[in-house]
Amino acid sequence: MKTGSTKGREDKGLSGCLYFGCVLGLLVMCCGMSVGFSVYNKYLFSGPIPAPILVTSTHRMFAFVGAFMIWMLASPSFYTRMKIEENPQMLKQILLIPVGFIMNIGMNNLSLQYTTLALNQLIRAFSPVSIAITSFFIEGKVQSVAKGASLSVLVAGVFLGVFSSPDFEIVGVLICAASLAGQSLSIVMTAYVMGGTRVKLAPWDVLLYATLPTLLVLLPWAYSLGEFDVMTQAIELHGIERIVGLIIAGGCLAFSYNVACVVFIRLTSSVYYGVTGGFRSALAIVISFFLFPQRITMLGIVGTVLAMAAFTANSYFTMKEKLAEKNDVPKPSEQRKLLDEEEDEEAIPVSREDLIRTKLLQ
């Protein structure tokens, strides 16, 4: 006959296995959807709908509608809308997010029209280096020795892989590099502007409040590039049913990917998701050679392997730093005691880098 303590241990073990299974399943889903989304966009922008900015606008519309439905239907325990009219300080952050999205995701999608998916993913792997450089000049932040070494190897790998590629195309490479610069600047500047404040915006708040301002820029941009005419030609060539179906599929995939990432990060941390970045990029690069006409040299293979290994190592060192920071943060009761001793009624500022990264990925 089982005792109460034995039964309790079995229940805990079962719940632990269930939690691990859910996290593992979500991780596989997020990685699969991330790679699938990149492949789908490359197919779309190089084939039936060569209008990346206009299609990106439709993705934002789907994101807004999905977030609105979650706001209306979800329980308060899952999501409660932040009322920005009660906190004007949030306007700073909300106005920065559309700028970051346009410079980051918008230009990245545009680059897929001019360069291969393999080169796109390899250049995007350079992001830790660009973020480190930007944060050094803006915030004076210095990287650790281990991260500095991994970033040096990453630089060598990316340059070797990109410039030895037979598919090297200057326009696509420059647009993709510009998207990296925009991503880095927006991440660092958001953290800098919001210094010393509590960040309370949830990812669904970002989708609700920042999507429409983004469209105010994306739609005129698409018009200036002639993408409305391109969309008209695509409808005439492929039929409205197929084009609408492709747009709906992309919008649903974009929103589903956001939901999966948000749930995974709520169960764990964005730090853990960031560690998978090297694996996701490597998987996308390998798959792209089976789906699209691409070429690579032996030097390109060496550079890609070096870059992916260095990216993963840098993510691991970042994870260790974040976990150490979390362990150093006092518990609420200890915070209250410290505040009482110092007679300081102001809130203790908290780290915002993980949340900002999550928002900019959407």
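Note that the structure is a prediction, hence the values are computed from the model and not measured. (Residues numbered from 1 in each chain as written. Predicted model: local features only at pLDDT ≥ 70, side-chain atom pairs only at ≥ 80, totals over all residues. Heavy atoms only, no water.)

Draft legend 1. Structural detail: the overall build of the chain. Secondary structure summary: the chain contains 15 helices and 0 strands in total. The buried share of the chain, reckoned over its 362 residues, is 46%. Look at the contacts in the chain between residues 6 or more apart in sequence, and 87% of them connect residues 24 or more apart. Of the accessible surface of the chain, which amounts to about 18,300 Å², a share of 69% is contributed by carbon and sulfur atoms. (Helix = DSSP H or I, 4+ residues; strand = E, 2+ residues; numbered from the N terminus. Buried < 20%, exposed > 50% of the residue type's maximum accessible area, 1.4 Å probe, protein only. Contact = heavy atoms within 4.5 Å. Areas by Shrake-Rupley, 256 points an atom, 1.4 Å probe, with all protein chains shown as cover.)

Draft legend 2. Region of interest: a nonpolar patch on the surface. On the surface, Y114, F159, F163, F168, I170, V171 and L174 cluster together to form a nonpolar patch covering roughly 670 Å² of accessible area. Counting only elements with at least two residues in the nonpolar patch, the list comes to α6 (145-163) and α7 (170-193). Sort the elements by how many residues they give to the nonpolar patch and α7 lands first, with 3 residues. One can find F163 in helix α6. (Patch = residues over 30% accessible without salt bridge, like charges linked within 9 Å, V, L, I, M, F, W, Y side chains within 5 Å. Salt bridge = Lys/Arg side-chain N within 4 Å of Asp/Glu carboxyl O.)

Draft legend 3. Up close: the nonpolar core. In terms of nonpolar packing, the biggest core is built from 26 residues, with L44, I49, V55, M231 and I243 touching the most fellow members. Put simply, the parts of the chain that give this core at least two residues each are α1 (4-46), α2 (52-73), α3 (90-111), α8 (203-224), α9 (227-238) and α10 (240-267). For this core, the element with the most residues is α1, which contributes 5 residues. Among all residues touching I243, those that are not within four sequence positions of it are P48, I49, M231, A234, I235 and H238. (Core = buried A, V, L, I, M, F, W, Y, C linked by side-chain atoms within 4.5 Å.)

Draft legend 4. Structural detail: α6. With 19 residues, α6 ought to run about 27 Å at 1.5 Å a step, and its terminal C-alpha atoms sit 27 Å apart, in line with that. By the burial criterion, the buried members of α6 are K147, S150, L151, L154, G157, V158, G161 and V162. Relative to the axis of α6, the buried residues are bounded by an arc of 130 degrees and lie together on one face. For α6, exposure combined with an orientation more than 90 degrees from the buried face picks out V145 and F163. (Expected span 1.5 Å × (residues − 1). Arc of directions from axis to C-beta.)

Draft legend 5. Highlighting the packing of helix α4 (residues 117-124) against helix α12 (residues 277-291). α12 packs onto α4 with a crossing angle of 165 degrees between their chain directions and a minimal axis gap of 8 Å. Between α4 and α12, the crossing angle belongs to the class labelled roughly antiparallel. The chirality of how α4 crosses α12 is left-handed. Residues L117, A118, Q121 and L122 of α4 pack against S281, A284, I285, S288 and F289 of α12. Broken down by class, the residue content of the contact of α4 with α12 amounts to 6 nonpolar, 3 polar and no charged. (Axes fitted to C-alpha atoms, helices over the stretch in contact; angles between N-to-C directions. Parallel < 35°, antiparallel > 145°, perpendicular 65-115°, else oblique. Left-handed = near helix turned anticlockwise from the far one by under 90°. Nonpolar A, V, L, I, M, F, W, Y, C, P; charged D, E, K, R; others polar.)

Draft legend 6. Focus on the side chain of S281. Assignment of secondary structure puts S281 in helix α12. The exposure class assigned to S281 is buried, which follows from its relative accessible area of 9%. When neighbours within four sequence positions are excluded, S281 is seen to be in contact with Q121 and M308.

Draft legend 7. Structural view of the environment of V230. Position of V230 relative to the elements: it lies in helix α9. Not counting the four nearest positions on each side in its chain, V230 is found in contact with P50 and A51.

Draft legend 8. Inspection of the environment of V55 at higher detail. Relative to the elements of secondary structure, V55 occurs in helix α2. Using a relative accessible area of 1% as the deciding quantity, one classes V55 as buried. Sequence-wise, V55 and F45 are 10 residues apart; in three dimensions their C-alpha atoms are separated by 8.7 Å. Look past the residues within four positions of V55 in its chain and what remains in contact with it is L44, F45, I49 and M231.

Draft legend 9. Molecular detail of the state of the cysteines. Considering all chains together, one arrives at 0 disulfides under this definition. Considering cysteine sulfurs only, C30 is the nearest to C31, which forms no disulfide, with 6.9 Å between them. Look at C31 and you get buried, because its relative accessible area is 7%. (Disulfide = S-S within 2.5 Å.)

Draft legend 10. A look at the pattern of salt bridges. Within this structure, the stated rule accounts for 1 salt bridge. A salt bridge links D167 to R295, with the shortest nitrogen-to-oxygen separation between them at 3.0 Å. Within this pair, whereas D167 is found in the loop between α6 and α7, its partner R295 is found in the loop between α12 and α13 (298-328), the two being separated by 128 residues in sequence. With a relative accessible area of 13%, D167 lands in the buried category.

Draft legend 11. Spotlight on the packing of aromatic side chains. If you walk through the whole model with that rule in mind, you get 8 aromatic pairs. Summarising the aromatic geometry, the rings of F126 and F159 are spaced 6.2 Å apart at their centres and angled 70 degrees between planes, so their arrangement reads as edge-to-face. Here F159 lies in helix α6 and F126 lies in the loop between α4 and α5 (127-139), a separation of 33 residues in the sequence. Using a relative accessible area of 18% as the deciding quantity, one classes F126 as buried. Judged by its relative accessible area of 43%, F159 is partly exposed. Clustering of aromatic rings is evident, with ring pairs tying together F126, F159, F163 and F168. (Phe/Tyr/Trp six-rings, centres within 6.5 Å; stacked < 30°, edge-to-face > 60°.)

Structural measurements only, silent on function.
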